[in-house]
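Here is how the chains run, residue by residue.
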Amino acid sequence: MGEKKVIEEKEEAMKIKKTPLVFAVNGERFELDLSSVDPSTTLIDFLRNKTPFKSVKLGCGEGGCGACVVLLSKYDPLLDKVDDYTVSSCLTLLCSIDGCSITTSEGLGNSRAGFHAVHERIAGFHATQCGFCTPGMSVSMFSALSNADKSSSHDLPPRNGSSNLTAAEAEKAVSGNLCRCTGYRPLVDACKSFAKDADIEDLGDEALKNLPCYDHTKPTTFPEFLKKELKMDMSLESDPRKYRWSSPGSISELQGLLQLDNSMYVKLVAGNTSTGYYKEEKERKYSRFIDIRRLPELTVVRRDEKGVELGAAVTISKAIEVLREKENVSMLAKLANHMEKIASRFVRNTGTLGGNIMMAQRKQFPSDLTTILVAARATVKIMSIGSNVQEQFTLEEFLQQPPLEAKSLLVSLVIPSWRPLKNGSSSSDTHLLFETYRAAPRPLGNALAFLNAAFSAEVSLNATHDGVVVNDCLLAFGAYGTKHAHRARKVEDFLVGKVISDEVLMEAIGLLKDEIVPDKGTLNPGYRSSLAVTFLFEFFGSLTTNGLLNGCSKENGFESLKREAMLSSAQQIVETQEHSPVGKGIVKAGAKLQASGEAVYVDDIPSPENCLYGAFIYSTMPLARIKSIRFKENRVPEGVLGIVTYKDIPKGGQNVGNKGFFASDLLFAEEITHGAGEIIAFLVAESQKLADIAVNLVVIDYDTEGLEPPILSLEEAVEKSSLFEIPPFLKSKPVGDITKGMAEAEHKILGSKISLGSQYFFYMETQTALAVPDEDNCMLVYSSTQAPEYVHRTIAGCLGVPEHNVRVITRRVGGGFGGKVMKSMPVAAACALAATKMQRPVRTYVNRKTDMITTGGRHPMKITYSVGFKSNGKVTALDLELLLDAGLSEDISPLMPSGIQGALMKYDWGALSFNVKVCKTNTVSRTAVRAPGDVQGSYIAEAIIEKVASYLSIDVDEIRKVNLHAYESLKLFYNKKAGEATEYTLPQLWEKLDKFSGFSQRRKVVDEFNASSKWRKRGISRVPAVYGVSMRLTPGRVSVLSDGSIVVEVPGIEIGQGLWTKVKQMAAFSLGLIHCSTTSDELLEKIRVIQTDTLSMVQGSVTGGSTTSEASSEAVRICCDGLVERLLPVKAALEEKTGGPVSWDSLISQAYMQSVNMSVSNTYSPDLYSTQYLNYGVAASEVEVNILTGETTVLRTDIIYDCGKSLNPAVDLGQIEGAFVQGLGFFMLEEYLMNSDGLIVTDSTWTYKIPTVDTIPRQFNVEILNSGHHKNRVLSSKASGEPPLLLAASVHCAVRAAVKEANKQIQTWSNNQQGVDMSFDLPVPATMAVVKEFCGLNVVEKYLDWKIKQRKNI
Ligand SMILES: Cc1cc2nc3c(=O)[nH]c(=O)nc-3n(C[C@H](O)[C@H](O)[C@H](O)COP(=O)(O)OP(=O)(O)OC[C@H]3O[C@@H](n4cnc5c(N)ncnc54)[C@H](O)[C@@H]3O)c2cc1C
Ligand code: FES
Ligand code: FES
């Protein structure tokens, strides 16, 4: 750059008022007076509340979901270089972005400036459903693309339109982002479509043809104005007395700052990501924040022959880069590989090494970093600020010291170079071994480990060369429920000098088990200890026969243990043309808006003037009198306006929290709370942040005197007859004669038991509403609900006003899954009540923890059954007793038995007796979660079939087949729902899947694999699903405006299921029947489906039960027919006049001139019986279980699903995949646990693990069976929203098969054919800990014992 230009720029910059905090968002300059900024303000707070950029979504507030991810760009004026990386804006402090440029998804592209290729591809690959996660996904993908282009390791020129990204990197690009809807595969495909090595054919050439290319020559733009200011060194001016945020550039400056305040109230911050875990930190009041990331000593990166020194403020991402620079140093590369599994990329990009170590040192955080660094013999440099002296300790020593004082600083850490000990020898016989391990529910990270470990050892061949001797070793373990990373010193001492043998290993394991003992209260202690044994065995086991040193490690079968399979893409979209555009896989309406983040959700609606914010106060006691609600120290916190309770319900109103199905639930507990998690009150404050903070300062005084003990178990509920009534029409009906069926049986299993737990919805958008008081005692409420009509009724009932005083509007919902039917009502009602009381608008966006604690989730249940069957496995009778935990209120619980029975009857049980008790307990009220009851019913059926197969020792697939319905038995069990014989496609699907998935051949391959693999076992399983649905009364309205554009209103809510898209297609098809010169595809472009408004469209009922899209489409079809009827005479007259074809627009102009009524409302009122139908699907899943760790990899899933004539096969495919993956979560991962008082304790992204991209089937093939025409269905279509969820049971069954193989192997080691029970029931969810437990916590010891005995010929 020329000197003159530099001077000019400097002069220009001087003119700009120097202000402490300057940054850019999407190219727009923001300048804040630092003295007016609360330094605890996060970037997301600022973006969402003070800018128009709402694409940044709040999903968790703890760094665990990725919904809030933005791109942060930094400019280095000296190097004239821009670095950019993703960060979680919920953990990034606003003050820390001085001089940075932030790009959100709408900053990448938008509807006005044009969408970015990433947005277009997400839409084109059908990779968005509710769209709430999508802006975060877009930014993560974009960042992966731009970083791949910048990275020097990628020098291959990309193919035209693709980027330098590899397919493997594409998969990892979104590994930290959660999506509850799509099942991830389309997201990965969208990202992979940019990869230079992607198999384009696999992804679908056609899909790509119409999508824009990636322009890698266009990097992110860092605003020029900001560059100029940075060249002027516009760093934070730090007049420390004026500002509460400082960013010192030297240690002496830091010392000066620390002297200003009492150290208790000063917070040193680096990346601030620790507040994602220690959430209470966000609420602590600090007088000063000091950003330590500019201190040169803390940013040092030094490498010499002594080792690598990394400053404490070096981010984990940077450290990974540095450690990988010298690929030949394997220990450093292994450290880097392990670090890549810490959190997610957007956390590692700001989270520092020092921050992590300090969390571990001061607060015993279950760190990975400290464990692996202890094993690498790292040291740390500590500086006590007062003394200015640096001290050096080993990390191990440092961790054991008392928590570092607030005024002290961790300066850096040093990883020493590692040289052989033995006589300084570098003999080829001496080897340095280093390995790290972690067992966590997500292989690619974003999950804390159950246990982590890292071992280093120096070994050499012993003198006689027939064994390996340990010269030295260091064995570090952590995160298993211990205060700090722990060295197993007794084991180390024992091993040094020993030749590794099975006997030595056995003895070492014995010592290890005494040393690695989780602290009391740690979850799964036995599992964690067994992992320690596993890892020790893996490390040394390969040396027992000096295998590793000979270049072969097969002896103990470890060869296949570390593998990371890639996701492959495969999808089948079968389009039909008959009713075009119905039947086409057209892109989802609003998909690009969702990707860019412009789609508006309730919390994106700007707050009206004077708006207040609420937060729920809930009970933590199961049954207690509420004596008082007060604040700690009886001091009302800043910004709090009041607490709304049932006492605030206006005269004439009722304390109702929901209305719709059965008895209404309370909005607020009154004198007595009946369950932990029950809502007691609603605190109202000036901001959401203040409300959320203040709620934690509320104290509820309880009293249990004179009250019965709470009912916390199903058995207690039955004993005390604490049951909800099931209305007669919902009572389950027996099928056939159970006594006769039992008498016909040749075998019986009596009184067998199954238990099933709960599942949380985990919609990405938590519950939210905004209530705005209107004139004449009216109330306008924006609600994120699946049931606006019932929200409406609830509010009117609660406020005691006529229903016409209330209006509820819902445009779209960021994921519902049943959770926004009943559970959205109290949220909206509380806002409306508070708004009435305060006469100001009131809104709430419920935080993730409160949402998880108060909304309940699925019904836990216990099942006892007796089954009779013939010797060929044909069941003759099933007698089933079921206890259902409804929690403290009725909600929809009486509907559950019919759902359970409906799906259970997928097999011909001969005769069925089915008894359900809906128990009332003192726990949170349970509700409908996607496929409510059906998923449990379907699973119970599989568990029974598995039991029969085990009993008879017959292949379970045979037993399934034998018990599949013939059409006659189907009719017997399902009556009219069974439809006609031709509709019963299940047997066809069953056979087709065999060919489609190669099921029979693959079973043989699985057997071969199991025979040769010791530590990994495979299982494969095929299961059917039958799911009954029924259609409901549904209104609709279609209006044509004067320019020919069309507005469609339906009561169904777009929750991600593609309702708008199907409705649009149906409107285009139906209006196209007028046959003017404008085609249906052109008409499609003219249609807009608008928000649901309960005053505009009454009788809207509920979006749920999988049929709302169909019913809404049908309502719209009827309306369109009405319009066509009105328009046909106009068209005929016009054609006659013009003598040629008439375009839509001219037809509409003419109709307007003739004052034709261009709006038609009508209602689809199905006949209940003729419109009930059954859905069918079959899935086969193959899994691989690591029996040493309990980890399951779903290798492949094939699904064939009968969609009838799909209205939109792309949308339905997305529903099938998404539902399956949500089911996978239920069966394999998600534990929704309560404490002994019934309070939910898995209440965050830290403890509740939904599937991520690395836990879905590696190969996922879905075929939609386009079964034929049917007059009673909407254009012959079938439902797809819920039924496929049931098919995820195939994974669970396959895991059971694999575990069985593991047990068979143990039997052979035990020489005891009786020892292992093969008819075990594998619990749901089959988490890693569960799988390991069923494979044997002591499998390693058994194996070694067997080997030793074999050798000794015992
Ligand atoms: C979603 C999520 C998942 C995670 N998963 C894992 C995981 O699986 N394994 C794992 O090991 N870690 C995990 N972490 C932890 C993560 O590594 C740390 O949050 C991060 O490294 C902390 O760095 P920071 O710069 O953000 O620290 P900050 O939050 O800025 O600081 C943390 C604490 O240390 C103090 N501090 C920071 N630096 C210094 C210093 N140099 N001297 C003295 N005090 C200092 C601060 O005052 C503060 O009290 C996860 C974090 C998140 C948010
Ligand atoms: S909201 Fe920030 S990661 Fe979830
Ligand atoms: S589309 Fe990803 S959470 Fe809904």
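Quick notes on the rules
- Residues numbered from 1 in each chain as written.
- Chains lettered and ligands numbered in written order.
- Predicted model: local features only at pLDDT ≥ 70, side-chain atom pairs only at ≥ 80, totals over all residues.
- Heavy atoms only, no water.
- Helix = DSSP H or I, 4+ residues; strand = E, 2+ residues; numbered from the N terminus.
- Rg over C-alpha atoms; globule rule 2.2 N^0.38 Å.
- Buried < 20%, exposed > 50% of the residue type's maximum accessible area, 1.4 Å probe, protein only.
- Contact = heavy atoms within 4.5 Å.
- Areas by Shrake-Rupley, 256 points an atom, 1.4 Å probe, with all protein chains shown as cover.
- Expected span 1.5 Å × (residues − 1).
- Bend = angle between axes of the 7 residues up to and from the residue.
- Pairing = 2+ DSSP bridges.
- Axes fitted to C-alpha atoms, helices over the stretch in contact; angles between N-to-C directions.
- UniProt positions renumbered as here; feature names shortened; annotations may be inferred.
- Polar contact = N/O pair within 3.5 Å; in protein donor to acceptor, adjacent residues only side chain to side chain.
- Near = heavy atom within 4 Å.
- Salt bridge = Lys/Arg side-chain N within 4 Å of Asp/Glu carboxyl O.
- Core = buried A, V, L, I, M, F, W, Y, C linked by side-chain atoms within 4.5 Å.
- Phe/Tyr/Trp six-rings, centres within 6.5 Å; stacked < 30°, edge-to-face > 60°.
- Lys NZ or Arg CZ within 6 Å of the ring centre and 35° of its normal.

A. Up close: the overall build of the protein. Scanning the protein from terminus to terminus reveals 41 helices and 41 strands. Taking 1354 residues into account, the globule formula puts the C-alpha radius of gyration at 34 Å, and the protein, at 32 Å, falls close to it. A burial count over the protein gives 64% of its 1354 residues as buried. Taking the contacts inside the protein whose residues are at least 6 apart along the sequence as the reference set, 78% of them involve residues at least 24 apart. Summed over all atoms, the accessible surface of the protein reaches about 48,900 Å², with 51% contributed by carbon and sulfur.

B. Broad picture of helix α36 (residues 1108–1138). For α36, spanning 31 residues, the distance from its first C-alpha to its last is 42 Å, which sits close to the expected 45 Å at 1.5 Å a residue. Within α36, the axis deviates most sharply at Leu-1127, by approximately 35 degrees, and proline Pro-1129 lies no more than four positions further along. The first or second residue beyond α36 is Gly-1139, which carries a positive phi of 75 degrees.

C. Quick look at the sheet that holds strand β36 (residues 1087–1089). As summarised here, the arrangement of the four strands in space is β36-β35-β34-β38, forming an open sheet in which the pairing is mixed. Only two strands of the sheet have a single partner each, and these edge strands are β36 and β38 (1159–1164). Neighbour-to-neighbour, the strand axes of the sheet open up by a mean angle of 20 degrees, direction not taken into account. Here six bridges tie strand β34 (residues 1034–1040) to β38, and the two strands are oriented antiparallel to one another. Within β38, the residue paired with Val-1038 across the bridge is Val-1160. Helix-sheet contacts for α36 involve β34, β35 (1046–1049) and β38, and the interaxial angle to β38 is about 140 degrees.

D. Local environment of the UniProt feature "binding site: FAD" (unreviewed entry) in the protein. UniProt records the feature "binding site: FAD" (unreviewed entry) for Asp-368, Leu-410 and Arg-438 in the present numbering. In terms of the greatest pairwise C-alpha distance, the residues named above, spread along 71 residues, do not form a single cluster, extending to 25.8 Å across. Note on placement: Leu-410 falls in strand β13 (residues 408–416). The exposure class assigned to Leu-410 is buried, which follows from its relative accessible area of 6%. Setting aside residues no more than four positions away along its own chain, Leu-410 makes contact with Leu-298, Ala-312, Gly-354, Ile-357, Met-358, Val-380, Lys-381, Ile-382 and Leu-404. A residue is classified by how much of its surface remains accessible, and Arg-438, at 17% relative accessible area, is buried. Apart from the residues lying within four places of it in its own chain, the contact partners of Arg-438 are His-338, Lys-341, Asp-368, Gly-445, Ala-447, Leu-448, Ala-449, Leu-451, Asn-452 and Phe-535. A distance of 3.0 Å separates the side chain of Arg-438 from the side chain of Asp-368, its partner in a polar contact.

E. Region of interest: the site of ligand 1. Taken together, 37 residues sit near ligand 1, with Leu-268, Thr-273, Ser-274, Thr-352 and Asp-368 positioned nearest. Contacts to ligand 1 include Asn-272, whose backbone N or O atom sits 2.8 Å from an oxygen atom. Here Arg-438 contributes a side-chain N or O atom positioned 3.1 Å from an oxygen atom of ligand 1. When isolated, ligand 1 has an accessible area of 970 Å², and the protein chains bury 96% of it.

F. Spatial organisation of the pattern of salt bridges. On inspection of all chains with the given rule, the structure shows 75 salt bridges. Salt-bridge contacts for Arg-185 lead to Glu-1217; the nearest nitrogen and oxygen are separated by 2.7 Å. Of this pair, Arg-185 sits in helix α7 (residues 185–192) while Glu-1217 is found in helix α38 (residues 1209–1229), placing the two residues 1032 residues apart along the sequence. Residue Asp-368 pairs with Arg-438 through a salt bridge whose shortest N-O separation is 3.0 Å. On the criterion of sequence distance, the pair formed by Asp-368 in the loop between α15 (353–363) and α16 (369–375) and Arg-438 in strand β14 (residues 430–439) is long-range, its members being 70 residues apart. As far as burial versus exposure is concerned, Asp-368 and Arg-438 are alike and both buried.

G. Region of the structure containing the pairing of strand β11 (residues 379–384). Judged by how many residues are buried, β11 sits mostly within the fold: five of six residues are covered. Inspection of the sheet shows β11 paired to strand β12 (residues 389–394) by six bridges, in the antiparallel sense. Note that in β12 the partner of Val-380 across the bridge is Phe-393. From the end of β11 to the start of β12, which pair antiparallel, there are four residues, and Asn-388 there has a positive phi angle of about 65 degrees. Direction of pairing for β11 relative to β13: antiparallel, over a ladder of six bridges. Each bridged residue has a counterpart across the sheet, and for Lys-381 the counterpart in β13 is Ser-412.

H. Quick look at the UniProt feature "active site" (unreviewed entry) in the protein. Within this structure's numbering, the places UniProt gives as "active site" (unreviewed entry) are Glu-1282. Among the structural elements, Glu-1282 can be located in the loop between β41 (1259–1265) and α39 (1289–1310). Exposure remark for Glu-1282: the relative accessible area of 10% places this residue in the buried category. If we skip the residues at most four places from it in the chain, Glu-1282 touches Arg-930, Ala-931, Pro-932, Tyr-1027, Gly-1105, Ser-1106 and Ala-1219.

I. Local environment of the side chain of Ser-146. Mapped onto the fold, Ser-146 is located in helix α5 (residues 134–150). On the basis of relative accessibility, which here comes to 6%, the residue Ser-146 falls in the buried class. Once you skip the residues sitting within four places of it in the chain, Ser-146 turns out to touch Asp-84 and Tyr-214.

J. Just the nonpolar core, in detail. Judged by nonpolar contacts, the single largest core of 262 residues is most densely connected at Phe-477, Phe-540, Trp-909 and Ile-940. Here this core gets eleven residues from one element, more than from any other, and that element is helix α26 (residues 825–838). When residues no more than four places from it in sequence are discounted, the contact partners of Trp-909 are Val-875, Thr-876, Ala-877, Leu-878, Leu-904, Ala-941, Ile-944, Ile-945 and Phe-973. By size, the runner-up hydrophobic cluster in this structure holds 56 residues, among which are Ile-251, Leu-369, Leu-395 and Leu-399.

K. Layout of the packing of aromatic side chains. As enumerated under the stated definition, the model contains 42 aromatic pairs in all. Ring centres of Trp-245 and Phe-289 lie 6.2 Å apart, and the angle between their planes is 25 degrees; on these two criteria the pair is classed as stacked. Of this pair, Trp-245 sits in strand β6 (residues 245–246) while Phe-289 sits in strand β8 (residues 288–291), and the two are 44 residues apart along the sequence. Of the two residues, Trp-245 and Phe-289, both sit in the buried class. Members of the aromatic cluster, connected to one another through ring pairs, are Tyr-437, Phe-455, Phe-477, Phe-535, Phe-539 and Phe-540. Looking at Lys-498, its charged tip hangs above the ring of Phe-494, at a distance of 4.2 Å from the centre. Looking at Arg-1273, its charged tip hangs above the ring of Tyr-1173, at a distance of 5.5 Å from the centre.

L. How the structure looks around the environment of Gly-1122. Looking at the element boundaries, Gly-1122 is found in helix α36. C-alpha separation for the pair Gly-1122 and Glu-991, spaced 131 residues apart in sequence, amounts to 44 Å.

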